[in-house]
Amino acid sequence: MKGIGTEMKGIGTYKTGERVDLFMLIKQATKGITTTGSPFMTLILQDKTGDIEAKLWDAKEEHEKMFQPASIVRVGGDVHDYRGRNQLRIKSIRPAKPDEPIQISDLVPSAEKSKEELYEELSPYIFEITNPNIQRITRYLLKQHREAFLVYPAATKNHHDYVSGLLDHVVSMLRLGKAIAELYPSLNKDLLYAGIILHDVGKVVELSGPVGTVYTPAGNLLGHITIMVNEIAMAAKELGIEGEEVVLLQHMVLSHHGKEEWGSPKRPMLKEAEILHYIDNIDAKMNMLNRALSKAEPGEFTERLFPLDNRQFYKPTFE
(Lines give C-alpha, C1' and ligand atoms only; values in the text may rest on other atoms or scores of the structure.)
Protein backbone atom coordinates (compact mmCIF):
# COMPACT_ATOMS: atom_id res chain seq x y z
CA MET A 1 0.00 0.00 0.00
CA LYS A 2 1.24 3.46 -0.86
CA GLY A 3 1.82 5.77 2.03
CA ILE A 4 -0.72 8.34 3.08
CA GLY A 5 -0.02 11.63 1.36
CA THR A 6 1.03 9.97 -1.92
CA GLU A 7 -1.36 9.20 -4.72
CA MET A 8 -3.40 6.15 -3.81
CA LYS A 9 -5.54 3.88 -5.92
CA GLY A 10 -9.13 4.10 -4.70
CA ILE A 11 -11.59 1.23 -4.29
CA GLY A 12 -13.69 2.52 -7.19
CA THR A 13 -10.87 1.73 -9.63
CA TYR A 14 -10.20 -1.88 -8.57
CA LYS A 15 -11.02 -4.73 -10.96
CA THR A 16 -12.01 -8.33 -10.31
CA GLY A 17 -9.01 -10.40 -9.17
CA GLU A 18 -7.02 -7.49 -7.73
CA ARG A 19 -5.74 -7.48 -4.17
CA VAL A 20 -6.77 -4.67 -1.84
CA ASP A 21 -4.90 -3.12 1.08
CA LEU A 22 -6.55 0.18 1.92
CA PHE A 23 -7.87 2.46 4.60
CA MET A 24 -11.62 2.74 4.15
CA LEU A 25 -14.61 4.16 5.96
CA ILE A 26 -17.46 1.91 7.04
CA LYS A 27 -20.51 3.39 5.36
CA GLN A 28 -22.99 0.75 6.49
CA ALA A 29 -22.79 -2.33 8.70
CA THR A 30 -25.49 -4.98 9.04
CA LYS A 31 -25.45 -8.42 10.64
CA GLY A 32 -26.93 -11.62 9.31
CA ILE A 33 -27.06 -15.37 9.78
CA THR A 34 -26.08 -17.95 7.14
CA THR A 35 -28.30 -20.92 6.31
CA THR A 36 -26.09 -23.02 8.58
CA GLY A 37 -26.59 -20.62 11.49
CA SER A 38 -23.21 -18.86 11.38
CA PRO A 39 -23.20 -15.09 12.03
CA PHE A 40 -21.70 -12.72 9.46
CA MET A 41 -21.57 -8.98 8.76
CA THR A 42 -22.19 -7.15 5.52
CA LEU A 43 -20.08 -4.00 5.35
CA ILE A 44 -20.29 -1.24 2.77
CA LEU A 45 -16.81 0.27 2.65
CA GLN A 46 -15.97 3.52 0.92
CA ASP A 47 -13.29 6.01 0.03
CA LYS A 48 -13.40 9.08 -2.17
CA THR A 49 -13.56 6.98 -5.35
CA GLY A 50 -16.60 4.88 -4.48
CA ASP A 51 -17.80 2.02 -2.32
CA ILE A 52 -17.89 -1.77 -2.30
CA GLU A 53 -19.80 -4.47 -0.44
CA ALA A 54 -17.71 -6.76 1.76
CA LYS A 55 -18.56 -9.85 3.78
CA LEU A 56 -17.03 -10.57 7.16
CA TRP A 57 -17.69 -14.23 7.91
CA ASP A 58 -17.80 -15.81 11.37
CA ALA A 59 -18.46 -12.37 12.86
CA LYS A 60 -18.39 -12.27 16.62
CA GLU A 61 -20.08 -9.88 19.04
CA GLU A 62 -16.87 -7.88 19.43
CA HIS A 63 -16.75 -7.39 15.65
CA GLU A 64 -20.22 -5.81 15.72
CA LYS A 65 -19.05 -3.34 18.36
CA MET A 66 -15.71 -2.72 16.64
CA PHE A 67 -16.91 -2.19 13.07
CA GLN A 68 -19.58 0.48 13.32
CA PRO A 69 -20.65 2.95 10.60
CA ALA A 70 -18.49 6.09 10.34
CA SER A 71 -15.39 4.28 11.64
CA ILE A 72 -12.14 3.94 9.69
CA VAL A 73 -10.63 0.51 9.09
CA ARG A 74 -7.66 -0.90 7.25
CA VAL A 75 -8.80 -3.75 5.03
CA GLY A 76 -6.96 -6.42 3.08
CA GLY A 77 -8.57 -8.82 0.66
CA ASP A 78 -9.47 -9.67 -2.93
CA VAL A 79 -12.04 -8.19 -5.29
CA HIS A 80 -14.23 -10.82 -6.89
CA ASP A 81 -17.35 -10.88 -9.03
CA TYR A 82 -20.62 -11.68 -7.30
CA ARG A 83 -23.65 -11.75 -9.60
CA GLY A 84 -22.20 -9.09 -11.87
CA ARG A 85 -21.04 -6.76 -9.11
CA ASN A 86 -17.67 -6.28 -7.46
CA GLN A 87 -17.49 -7.61 -3.92
CA LEU A 88 -14.58 -7.59 -1.49
CA ARG A 89 -13.55 -10.88 0.10
CA ILE A 90 -12.03 -9.75 3.41
CA LYS A 91 -8.78 -11.43 4.44
CA SER A 92 -7.84 -8.94 7.18
CA ILE A 93 -9.54 -5.99 8.83
CA ARG A 94 -8.71 -3.82 11.83
CA PRO A 95 -9.66 -0.38 13.17
CA ALA A 96 -7.34 2.45 12.17
CA LYS A 97 -4.85 3.36 14.89
CA PRO A 98 -4.94 6.84 16.47
CA ASP A 99 -1.42 7.63 15.24
CA GLU A 100 -2.11 6.70 11.61
CA PRO A 101 -2.40 9.79 9.38
CA ILE A 102 -5.88 9.16 8.03
CA GLN A 103 -9.15 10.94 8.81
CA ILE A 104 -12.75 10.74 7.73
CA SER A 105 -12.48 13.73 5.37
CA ASP A 106 -9.84 11.78 3.39
CA LEU A 107 -12.35 9.03 2.67
CA VAL A 108 -15.73 10.71 2.19
CA PRO A 109 -16.81 11.42 -1.41
CA SER A 110 -18.26 14.87 -2.04
CA ALA A 111 -19.84 16.89 -4.83
CA GLU A 112 -17.43 18.15 -7.49
CA LYS A 113 -18.42 21.74 -6.74
CA SER A 114 -18.22 23.22 -3.25
CA LYS A 115 -21.41 23.69 -1.25
CA GLU A 116 -20.92 27.47 -1.52
CA GLU A 117 -20.75 27.33 -5.33
CA LEU A 118 -23.79 25.10 -5.52
CA TYR A 119 -25.89 27.29 -3.20
CA GLU A 120 -24.87 30.37 -5.16
CA GLU A 121 -26.19 28.67 -8.29
CA LEU A 122 -29.45 27.73 -6.54
CA SER A 123 -30.26 31.16 -5.09
CA PRO A 124 -31.37 32.92 -8.33
CA TYR A 125 -34.02 30.24 -8.89
CA ILE A 126 -35.67 31.20 -5.61
CA PHE A 127 -35.97 34.80 -6.78
CA GLU A 128 -37.41 33.68 -10.12
CA ILE A 129 -40.42 32.41 -8.16
CA THR A 130 -42.87 35.28 -8.60
CA ASN A 131 -45.79 33.96 -6.54
CA PRO A 132 -45.19 35.59 -3.12
CA ASN A 133 -46.76 32.76 -1.11
CA ILE A 134 -44.77 30.02 -2.85
CA GLN A 135 -41.55 32.01 -2.61
CA ARG A 136 -42.02 32.82 1.09
CA ILE A 137 -42.68 29.18 2.01
CA THR A 138 -39.68 28.00 -0.04
CA ARG A 139 -37.33 30.58 1.46
CA TYR A 140 -38.61 29.92 4.98
CA LEU A 141 -37.99 26.16 4.75
CA LEU A 142 -34.56 26.56 3.18
CA LYS A 143 -33.58 28.97 5.95
CA GLN A 144 -34.83 26.50 8.57
CA HIS A 145 -32.69 23.67 7.19
CA ARG A 146 -29.88 25.54 5.42
CA GLU A 147 -26.96 24.13 7.43
CA ALA A 148 -27.96 20.49 6.88
CA PHE A 149 -29.20 21.10 3.32
CA LEU A 150 -25.71 22.23 2.31
CA VAL A 151 -23.95 19.02 3.37
CA TYR A 152 -26.43 16.11 3.47
CA PRO A 153 -26.47 13.34 0.85
CA ALA A 154 -29.59 12.71 -1.22
CA ALA A 155 -29.65 9.00 -0.31
CA THR A 156 -27.84 6.29 1.66
CA LYS A 157 -26.83 4.56 -1.58
CA ASN A 158 -27.30 4.50 -5.37
CA HIS A 159 -27.51 8.20 -6.28
CA HIS A 160 -25.98 11.41 -4.90
CA ASP A 161 -24.96 9.50 -1.76
CA TYR A 162 -22.07 11.80 -0.88
CA VAL A 163 -21.37 15.02 1.01
CA SER A 164 -23.52 17.84 -0.46
CA GLY A 165 -25.22 15.25 -2.69
CA LEU A 166 -28.68 16.61 -1.86
CA LEU A 167 -27.75 20.14 -2.88
CA ASP A 168 -25.95 18.82 -5.98
CA HIS A 169 -29.07 16.84 -6.95
CA VAL A 170 -31.38 19.84 -6.50
CA VAL A 171 -29.16 22.21 -8.50
CA SER A 172 -28.84 19.68 -11.32
CA MET A 173 -32.63 19.24 -11.34
CA LEU A 174 -33.13 23.02 -11.45
CA ARG A 175 -30.92 23.27 -14.55
CA LEU A 176 -33.01 20.57 -16.21
CA GLY A 177 -36.26 22.17 -15.02
CA LYS A 178 -35.25 25.52 -16.48
CA ALA A 179 -34.49 23.95 -19.87
CA ILE A 180 -37.81 22.08 -19.92
CA ALA A 181 -39.77 25.17 -18.84
CA GLU A 182 -38.24 27.08 -21.77
CA LEU A 183 -39.38 24.34 -24.16
CA TYR A 184 -42.86 24.20 -22.60
CA PRO A 185 -43.78 27.75 -21.48
CA SER A 186 -47.19 26.61 -20.23
CA LEU A 187 -45.49 25.07 -17.20
CA ASN A 188 -45.83 27.07 -14.01
CA LYS A 189 -42.20 27.78 -13.11
CA ASP A 190 -43.13 28.85 -9.58
CA LEU A 191 -44.55 25.43 -8.76
CA LEU A 192 -41.86 23.56 -10.67
CA TYR A 193 -38.90 25.37 -9.11
CA ALA A 194 -40.34 25.26 -5.60
CA GLY A 195 -41.20 21.59 -6.02
CA ILE A 196 -37.67 20.79 -7.16
CA ILE A 197 -36.11 22.71 -4.27
CA LEU A 198 -38.37 21.27 -1.57
CA HIS A 199 -39.08 17.72 -2.77
CA ASP A 200 -36.19 16.08 -0.88
CA VAL A 201 -35.48 18.59 1.91
CA GLY A 202 -37.21 16.19 4.29
CA LYS A 203 -34.14 13.99 3.92
CA VAL A 204 -32.27 16.21 6.37
CA VAL A 205 -34.64 14.75 8.98
CA GLU A 206 -34.99 11.30 7.40
CA LEU A 207 -31.22 10.66 7.28
CA SER A 208 -28.59 10.88 10.01
CA GLY A 209 -26.02 13.02 8.20
CA PRO A 210 -23.33 13.00 5.52
CA VAL A 211 -21.03 10.41 7.15
CA GLY A 212 -22.07 6.82 7.90
CA THR A 213 -25.55 7.73 6.69
CA VAL A 214 -28.42 5.71 8.12
CA TYR A 215 -32.16 6.28 8.50
CA THR A 216 -33.24 8.07 11.66
CA PRO A 217 -36.25 6.84 13.68
CA ALA A 218 -38.33 9.61 12.07
CA GLY A 219 -37.00 8.55 8.68
CA ASN A 220 -38.06 4.97 9.19
CA LEU A 221 -41.41 5.82 10.78
CA LEU A 222 -42.46 8.72 8.55
CA GLY A 223 -40.15 9.15 5.55
CA HIS A 224 -38.99 12.35 3.86
CA ILE A 225 -42.20 12.85 1.89
CA THR A 226 -44.47 12.90 4.95
CA ILE A 227 -41.94 14.99 6.86
CA MET A 228 -41.84 17.71 4.20
CA VAL A 229 -45.62 17.77 3.66
CA ASN A 230 -45.98 18.46 7.38
CA GLU A 231 -43.24 21.10 7.28
CA ILE A 232 -44.94 22.93 4.40
CA ALA A 233 -48.14 23.05 6.46
CA MET A 234 -46.27 24.34 9.52
CA ALA A 235 -44.39 26.94 7.47
CA ALA A 236 -47.63 28.19 5.93
CA LYS A 237 -49.21 28.47 9.37
CA GLU A 238 -46.18 30.31 10.77
CA LEU A 239 -46.22 32.74 7.84
CA GLY A 240 -50.02 33.21 7.92
CA ILE A 241 -50.43 31.82 4.41
CA GLU A 242 -53.62 30.04 3.35
CA GLY A 243 -54.98 28.97 0.01
CA GLU A 244 -54.40 26.77 -3.00
CA GLU A 245 -50.63 27.32 -3.21
CA VAL A 246 -50.07 25.43 0.06
CA VAL A 247 -52.01 22.36 -1.10
CA LEU A 248 -50.36 22.37 -4.53
CA LEU A 249 -46.87 22.55 -3.02
CA GLN A 250 -47.76 19.65 -0.74
CA HIS A 251 -49.00 17.68 -3.75
CA MET A 252 -45.73 18.32 -5.60
CA VAL A 253 -43.85 16.69 -2.72
CA LEU A 254 -46.41 13.91 -2.15
CA SER A 255 -46.34 12.74 -5.76
CA HIS A 256 -42.73 13.15 -6.83
CA HIS A 257 -41.95 9.41 -6.73
CA GLY A 258 -44.61 8.95 -9.40
CA LYS A 259 -46.41 5.79 -8.28
CA GLU A 260 -47.66 4.32 -5.04
CA GLU A 261 -45.39 1.28 -5.42
CA TRP A 262 -42.41 3.64 -5.75
CA GLY A 263 -43.23 5.39 -2.47
CA SER A 264 -45.61 8.19 -3.52
CA PRO A 265 -48.75 8.53 -1.40
CA LYS A 266 -50.38 10.14 -4.47
CA ARG A 267 -49.72 9.94 -8.20
CA PRO A 268 -49.03 13.26 -9.94
CA MET A 269 -52.20 15.21 -10.72
CA LEU A 270 -50.57 18.45 -11.77
CA LYS A 271 -48.65 18.98 -14.99
CA GLU A 272 -45.74 20.36 -12.95
CA ALA A 273 -45.85 17.36 -10.58
CA GLU A 274 -45.59 14.98 -13.52
CA ILE A 275 -42.56 16.84 -14.86
CA LEU A 276 -40.98 16.98 -11.40
CA HIS A 277 -41.18 13.19 -11.20
CA TYR A 278 -39.47 12.79 -14.60
CA ILE A 279 -36.74 15.31 -13.75
CA ASP A 280 -36.04 13.59 -10.41
CA ASN A 281 -35.86 10.20 -12.12
CA ILE A 282 -33.61 11.43 -14.94
CA ASP A 283 -31.13 13.12 -12.63
CA ALA A 284 -30.91 10.18 -10.22
CA LYS A 285 -30.36 7.69 -13.04
CA MET A 286 -27.83 9.85 -14.85
CA ASN A 287 -25.85 10.19 -11.63
CA MET A 288 -25.80 6.40 -11.21
CA LEU A 289 -24.86 5.83 -14.85
CA ASN A 290 -22.10 8.43 -14.93
CA ARG A 291 -20.50 7.02 -11.80
CA ALA A 292 -20.72 3.41 -12.99
CA LEU A 293 -19.39 4.22 -16.46
CA SER A 294 -16.50 6.23 -15.02
CA LYS A 295 -15.21 2.96 -13.52
CA ALA A 296 -15.52 0.98 -16.77
CA GLU A 297 -12.93 0.87 -19.53
CA PRO A 298 -13.94 1.70 -23.13
CA GLY A 299 -15.30 -1.43 -24.78
CA GLU A 300 -16.39 -2.91 -21.44
CA PHE A 301 -19.66 -3.13 -19.50
CA THR A 302 -20.35 -1.65 -16.09
CA GLU A 303 -21.14 -3.82 -13.12
CA ARG A 304 -24.82 -4.67 -12.72
CA LEU A 305 -26.87 -1.73 -11.48
CA PHE A 306 -29.61 -3.01 -9.20
CA PRO A 307 -31.76 0.19 -9.28
CA LEU A 308 -31.70 0.03 -13.10
CA ASP A 309 -33.29 -3.43 -13.34
CA ASN A 310 -29.91 -5.05 -12.61
CA ARG A 311 -28.70 -4.12 -16.10
CA GLN A 312 -25.12 -3.61 -17.25
CA PHE A 313 -24.27 -0.66 -19.49
CA TYR A 314 -21.71 -0.58 -22.28
CA LYS A 315 -19.01 2.12 -22.53
CA PRO A 316 -18.32 2.91 -26.20
CA THR A 317 -14.74 2.99 -27.48
CA PHE A 318 -15.27 6.42 -29.10
CA GLU A 319 -16.28 9.73 -27.54
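Values in this document were obtained by computation on a predicted structure and should not be read as measured data. (Residues numbered from 1 in each chain as written. Predicted model: local features only at pLDDT ≥ 70, side-chain atom pairs only at ≥ 80, totals over all residues. Heavy atoms only, no water.)

1. Some points on unusual backbone geometry
Even without being a glycine, Asp 58 presents a positive backbone phi close to 55 degrees. Along the chain, the position of Asp 58 falls in the loop between strand E3 (50–57) and helix H1 (61–66). Positive phi is not limited to glycine here, since Ala 70 has a value of about 75 degrees. Positionally, Ala 70 belongs in the loop between H1 and strand E4 (72–82). (Helix = DSSP H or I, 4+ residues; strand = E, 2+ residues; numbered from the N terminus.)

2. Observations regarding the layout of surface pockets
Size it by volume and the second largest pocket reaches roughly 750 Å³. If you go around the second largest pocket, you meet 22 residues; those closest to its centre are Asn 158, His 159, His 257, Trp 262 and Ala 284. Among the secondary structure elements, those contributing two or more residues to the lining of the second largest pocket are helix H6 (203–206) and helix H10 (271–294). When residues in the lining of the second largest pocket are grouped by element, the largest group, six residues, is from H10. Class assignment for the residues of the lining of the second largest pocket results in seven nonpolar, eight polar and seven charged. (1 Å grid on protein atoms, 1.4 Å probe; cavity = no way out; pocket = protein on both sides within 12 Å on 5 of 7 lines; lining within 4 Å. Points joined across faces, edges and corners; volume = space filled by probe spheres on them. Nonpolar A, V, L, I, M, F, W, Y, C, P; charged D, E, K, R; others polar.)

3. Notes on the packing of helix H3 (residues 132–149) against helix H8 (residues 224–239)
Relative orientation of the contacting elements H3 and H8 amounts to 110 degrees, with a least axis distance of 10 Å. One way to sum up the angle between H3 and H8 is to call them roughly perpendicular. Judged by the sense of rotation from one axis to the other, the crossing of H3 with H8 is right-handed. Residue-level inspection shows Arg 136, Ile 137, Tyr 140, Leu 141 and His 145 of H3 in contact with H8, the latter providing Met 228, Glu 231, Ile 232, Ala 235, Ala 236, Glu 238 and Leu 239. (Axes fitted to C-alpha atoms, helices over the stretch in contact; angles between N-to-C directions. Parallel < 35°, antiparallel > 145°, perpendicular 65-115°, else oblique. Left-handed = near helix turned anticlockwise from the far one by under 90°. Contact = heavy atoms within 4.5 Å.)

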